[in-house]
Number of protein chains: 2
Amino acid sequence: MRALLYDERLEFCSNAPEPTPLPGEALIRVRLAGICNTDLEIVRGYLGFRGTLGHEFVGVVARADEAPEWVGKRVVGEINANCGECAACRRGDPTHCSGRTTLGIDQRDGTMADYFTLPTHLLYSVPSSIPDEWAVFTEPLAAACEITQQVHIRPTDRVVVLGDGKLGLLIAQVLQLTGCEVLSVGRHPDKLAILARRGMRTQIAQEKIVPGADVVVEATGSPEGFATARALVRPRGTLVLKSTFHADVTLDLSMVVVDEVNLVGSRCGPFLPALRLLEQRLIDVEPLIHDTFSLDDGLVAFERAASAGVLKVLLAA
Amino acid sequence: MRALLYDERLEFCSNAPEPTPLPGEALIRVRLAGICNTDLEIVRGYLGFRGTLGHEFVGVVARADEAPEWVGKRVVGEINANCGECAACRRGDPTHCSGRTTLGIDQRDGTMADYFTLPTHLLYSVPSSIPDEWAVFTEPLAAACEITQQVHIRPTDRVVVLGDGKLGLLIAQVLQLTGCEVLSVGRHPDKLAILARRGMRTQIAQEKIVPGADVVVEATGSPEGFATARALVRPRGTLVLKSTFHADVTLDLSMVVVDEVNLVGSRCGPFLPALRLLEQRLIDVEPLIHDTFSLDDGLVAFERAASAGVLKVLLAA
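Analysis parameters
- Residues numbered from 1 in each chain as written.
- Chains lettered and ligands numbered in written order.
- Predicted model: local features only at pLDDT ≥ 70, side-chain atom pairs only at ≥ 80, totals over all residues.
- Heavy atoms only, no water.
- Pairing = 2+ DSSP bridges.
- Helix = DSSP H or I, 4+ residues; strand = E, 2+ residues; numbered from the N terminus.
- Contact = heavy atoms within 4.5 Å.
- Axes fitted to C-alpha atoms, helices over the stretch in contact; angles between N-to-C directions.
- Salt bridge = Lys/Arg side-chain N within 4 Å of Asp/Glu carboxyl O.
- Buried < 20%, exposed > 50% of the residue type's maximum accessible area, 1.4 Å probe, protein only.
- Polar contact = N/O pair within 3.5 Å; in protein donor to acceptor, adjacent residues only side chain to side chain.
- pLDDT = per-residue confidence, 0-100.
- Buried area = accessible area lost by both parts, 1.4 Å probe.
- Nonpolar A, V, L, I, M, F, W, Y, C, P; charged D, E, K, R; others polar.
- Domains from an automatic or database assignment.
- Least-squares fit on C-alpha atoms with pLDDT ≥ 70 in both.
- Core = buried A, V, L, I, M, F, W, Y, C linked by side-chain atoms within 4.5 Å.
- Phe/Tyr/Trp six-rings, centres within 6.5 Å; stacked < 30°, edge-to-face > 60°.
- Lys NZ or Arg CZ within 6 Å of the ring centre and 35° of its normal.
- Parallel < 35°, antiparallel > 145°, perpendicular 65-115°, else oblique.
- Left-handed = near helix turned anticlockwise from the far one by under 90°.
- Disulfide = S-S within 2.5 Å.
- Arc of directions from axis to C-beta.

(A) Geometry of the sheet that holds strand β2 (residues 10-13) of chain B. Residues and elements named next belong to chain B. Reading across the sheet, the three strands line up as β2-β1-β4 and stay open at both edges, with antiparallel pairing between neighbours. On the outer flanks of this sheet lie β2 and β4 (51-52), each paired with one strand and no other. Sheet analysis places strand β1 (residues 3-6) next to β2, joined by four bridges and oriented antiparallel. Considered in β2, the bridge of L4 is made with F12. Its contacts with the sheet place helix α10 (residues 298-305) against β1 and β2, and it is angled at close to 150° to β2.

(B) Looking closely at the pattern of salt bridges. Evaluated as defined, the whole model comprises 34 salt bridges over all chains. A salt bridge links D93(A) to R91(A); the nearest nitrogen and oxygen atoms lie 2.8 Å apart. Look at D93(A) and you get partly exposed, because its relative accessible area is 31%. In this structure, E181(B) and R201(B) form a salt bridge, with 2.8 Å as the shortest nitrogen-oxygen distance. Note that E181(B) is positioned in strand β13 (residues 181-186) and R201(B) in strand β14 (residues 201-204), a separation of 20 residues in sequence. Through salt bridges with shared partners, a single network forms among R2(A), R29(A), D114(A) and D296(A).

(C) Spotlight on the side chain of R230(B). Residue and element names in this part refer to chain B. Its place among the elements puts R230 in helix α7 (residues 223-232). Of note is the side chain of R230, whose polar atom sits 3.1 Å from the side chain of D259. Among residues more than four places away in sequence, those in contact with R230 are L239, M255, V256, D259 and V261.

(D) Structural detail: the confidence of the model for chain A. Summarising the model, chain A shows a mean pLDDT of 94, and 99% of its residues fall at 70 or more. For this predicted complex, the interface score ipTM comes out at 0.82, alongside a pTM of 0.89.

(E) The arrangement of the interface of chain A and chain B in detail. Across the boundary between the two partners, chain A contributes 23 residues, which contact 23 residues of chain B. Contact with chain B buries area across many residues of chain A, yet Q149(A), H152(A) and P155(A) alone supply 28% of it, more than any other trio. Inspection of the chain A/chain B interface yields two salt bridges. Residues R276(A) and E181(B) are paired through a salt bridge, measuring 4.0 Å at the closest nitrogen-oxygen approach. Counting across the chain A and chain B interface gives 16 residue pairs in polar contact (both at pLDDT 80 or more). Mapped onto the side of chain A that touches chain B, the elements with two or more residues apiece are α4 (138-150) and α9 (271-279) of chain A. Considered class by class, the residues forming the side of chain A that touches chain B number 10 nonpolar, nine polar and four charged.

(F) Structural detail: the environment of T202(A). All names here are of chain A. Positionally, T202 belongs in strand β14 (residues 201-204). The sequence separation of T202 and R100 amounts to 102 residues, and the corresponding C-alpha distance is 38 Å. Every residue in contact with T202, bar those within four places of it in the chain, is listed here: L183, S184, L192, L195 and A196.

(G) Region of the structure containing the domain arrangement of chain A. All names here are of chain A. Partitioning chain A into structural domains gives domain 1 (3-137 + 285-316) and domain 2 (144-265). Contacts between the two partners involve 13 residues from domain 1 and, on the opposite side, 12 residues from domain 2. With both sides pooled, the region where domain 1 packs onto domain 2 buries about 990 Å², and carbon together with sulfur makes up 68% of that total. It is L288, G309 and L311 in domain 1 that bury the most area against domain 2; as a group they hold 46% of the surface buried on that side.

(H) Highlighting the relation of the copies chain A and chain B. The two copies are related by a screw motion: chain A maps onto chain B through a turn of 180° and a shift of 0.0 Å along the axis, at an RMSD of 0.0 Å. Such a turn and shift between the copies fits a two-fold axis.

(I) Representation of the environment of C83(B) in the model. Along the chain, C83(B) falls in the loop between β7 (80-81) and α2 (87-90). Sequence separation of C83(B) and T101(B) is 18 residues, and the distance between their C-alpha atoms is 8.9 Å.

(J) Quick peek at the nonpolar core. L175(A) and L175(B) are the most contacted members of the largest nonpolar core, which totals 94 residues. Residues within four places of L175(B) in sequence aside, it is in contact with I147(B), T148(B), I153(B), V159(B), V161(B), C180(B), V182(B) and V217(B).

(K) Structural detail: the packing of aromatic side chains. All names here are of chain A. Taken as a whole and judged by the stated rule, the model has four aromatic pairs over all chains. Summarising the aromatic geometry, the rings of F57 and F116 are spaced 4.7 Å apart at their centres and angled 75° between planes, so their arrangement reads as edge-to-face. Residue F57 is found in strand β5 (residues 56-63), and its partner F116 is found in strand β10 (residues 115-119); the two are separated by 59 residues along the sequence. Taken individually, F57 and F116 each receive the classification buried, so the pair is uniform in this respect. The aromatic ring of Y115 is capped on one face by R29, whose charged end is 5.3 Å from the ring centroid.

(L) Here's a closer look at the packing of α4(A) against α9(A). Residues and elements named next belong to chain A. The N-to-C vectors of α4 and α9 enclose an angle of 110°; their axes lie 8 Å apart at closest approach. In terms of axis orientation, α4 runs roughly perpendicular to α9. Across the interface between the two elements, T138, E139, L141, A142 and C145 of α4 pack against F271, A274, L275, L277 and L278 of α9. Per-class residue counts for the contact of α4 with α9 are eight nonpolar, one polar and one charged.

(M) Structural detail: unusual backbone geometry. Despite not being glycine, E8(A) shows a phi value in the positive range, around 70°. Inspection of the secondary structure assignment puts E8(A) in the loop between β1 (3-6) and β2 (10-13).

(N) Looking closely at the sheet that holds strand β17 (residues 262-265) of chain B. All names here are of chain B. In spatial order, the strands read β14-β13-β12-β15-β16-β17; together these six strands make up an open sheet with parallel pairing. The sheet is open, and its two borders are formed by β14 and β17, each paired with just one other strand. Mean inter-strand twist for the sheet, computed between neighbouring axes without regard to direction, equals 20°. Judged from the four bridges that link them, β13 and β14 form a sheet pairing that is parallel.

(O) Representation of the packing of helix α5 (residues 166-176) of chain B against helix α6 (residues 189-196) of chain B. All names here are of chain B. At a closest axis distance of 10 Å, the pairing of α5 and α6 adopts a crossing angle of 20°. In this view, α5 runs roughly parallel relative to α6, as classed from their interaxial angle. Every pair of crossing elements has a handedness; the one defined by α5 and α6 is right-handed. For the pair formed by α5 and α6, the contact residues are L169, A172 and Q173 on the first element and K191, I194 and L195 on the second. Grouping the amino acids of the contact of α5 with α6 by side-chain chemistry returns four nonpolar, one polar and one charged.

(P) Structural context of the state of the cysteines. All names here are of chain A. Summed over all chains, the structure comprises zero disulfides over all chains. The thiol sulfur of C36 is not disulfide-bonded, and the nearest other cysteine sulfur, from C268, lies at 9.6 Å. Given a relative accessible area of 14%, C36 falls into the buried group.

(Q) Looking closely at α6(B). All names here are of chain B. Those residues of α6 lying buried are K191, L192, I194 and L195. Across the axial projection of α6, the buried residues extend over an arc of 140°, all falling on one side. Tucked into the core, α6 has its buried residues touching α5, β13 and β14.

Structure, rendered in structure tokens:
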């Protein structure tokens, strides 16, 4: 089968071995895979992963020996394959499983291939009203929903979202649904325009931002973004960290204490709410798609995805 | 001027005196007023109010001597006129002001007239993209938003809304936006169909409802609704009381303690989020309008509003 592999460098392989599902796993035929910033970071050598890339997908179950009712179903799936037995799994926090492998990120081959495997308990059937091009956004949309899962965003809150990348645009849309006052700050007028068309307030990063926000979401991926977020949040406000940083960030922790700021780290989120929001057409993902390539052209697709100003690039398997 | 008055019985008066605004107040020319269940209860003699009825409105400021910038503006407004000096006002809870008067409900003439008065600090300018027929729903929509203001509804929560009246339908729509799984339960298939068209799950009250909900909202107005809500909420779940009852409700408080249920009473809510949701077209109020009458036909309008199965009846002044 075809696969996009990373092993010190990105390679397209036309004759990779088809994976064999382990007990409890399904074999999934990929329809679409999305290129995420994490994939770009892996290709830059940051995460130490070797194997087939990709964690965003929509596909069809080709084989599931122990759960044949899945065969033929169009699915999306959780990316953290958990053990089901550790303390985190037992307390209902499977995405924090201490023995987890992560699709295309950590010790588990990913979705940028004709086939990949995933335990069936991580799968979600996709309602027929959701087209493939939307369903492939379920995983990042779930990550956006993790913010409202963790933090009580009140309708009267003033919220600032820093970052107009793929995730920042999804986060702003999810937060808008609470009725709160969202200001999205970014560097790209064309990306911010996607939100402005939905009636949201947007601002270019260079302009002065009014401080005193109840909640600030840092989704820029840059240490400067964190410093800006810290300056914007009000005393007793909440600062949600959605970016991962590759370098240590210098942080005045005493000011966090003095202002009693609530720092919340936020990663993977719940899939079912993301599917509900897509099914009810409450989130607009289509303007985020900047290009679709065949898996055969995966190397070109990665170049395109890494270009300045480009949002989501999809791979059709 | 014309006015719909209640003084032991409902009366239409064609020559009521035009009110004179007090210092800090605006004189407002009414465009539309909505008939709420509270108005129907007043007319049934429950609340002891005498005066001009009505608290839902959209109008235009005709006079505001101390704040002339309001004149000519299309507005909606808070219904609780607060003192600004009591403990509740000082802690930022104006809707709980101990000296408040309430528009058309308590010691303050209401909006079912050509003109009424309200302090200008309670007014909100209506964005031009919101038509009058939507703006008149701002107050009940704000009351629906009060639930998400008070309670952290998580995207993964299973929520049951009991009641398919005007308020129940607005509450279900607001909760849907969180991505949570909402089940609306009511007695009227045609009203529930408004929600089903938006992709929401609905159920007729007589059918068995699966218990164990994370959050249950009681919006039926009946003591049976409270008992049902109590039976549906899970241990450590939240029961939101949105109805007012005219009789004492028998309540097994020890079961509430044993199950550690969080009982939350909920009344008036924030206006700005309600206006944002209307402006961003995230709430559908038009299917809730069952009739519009001229203020001249106010008595007929009240009969219509009190008829079984009728949702919102508007009065055009």
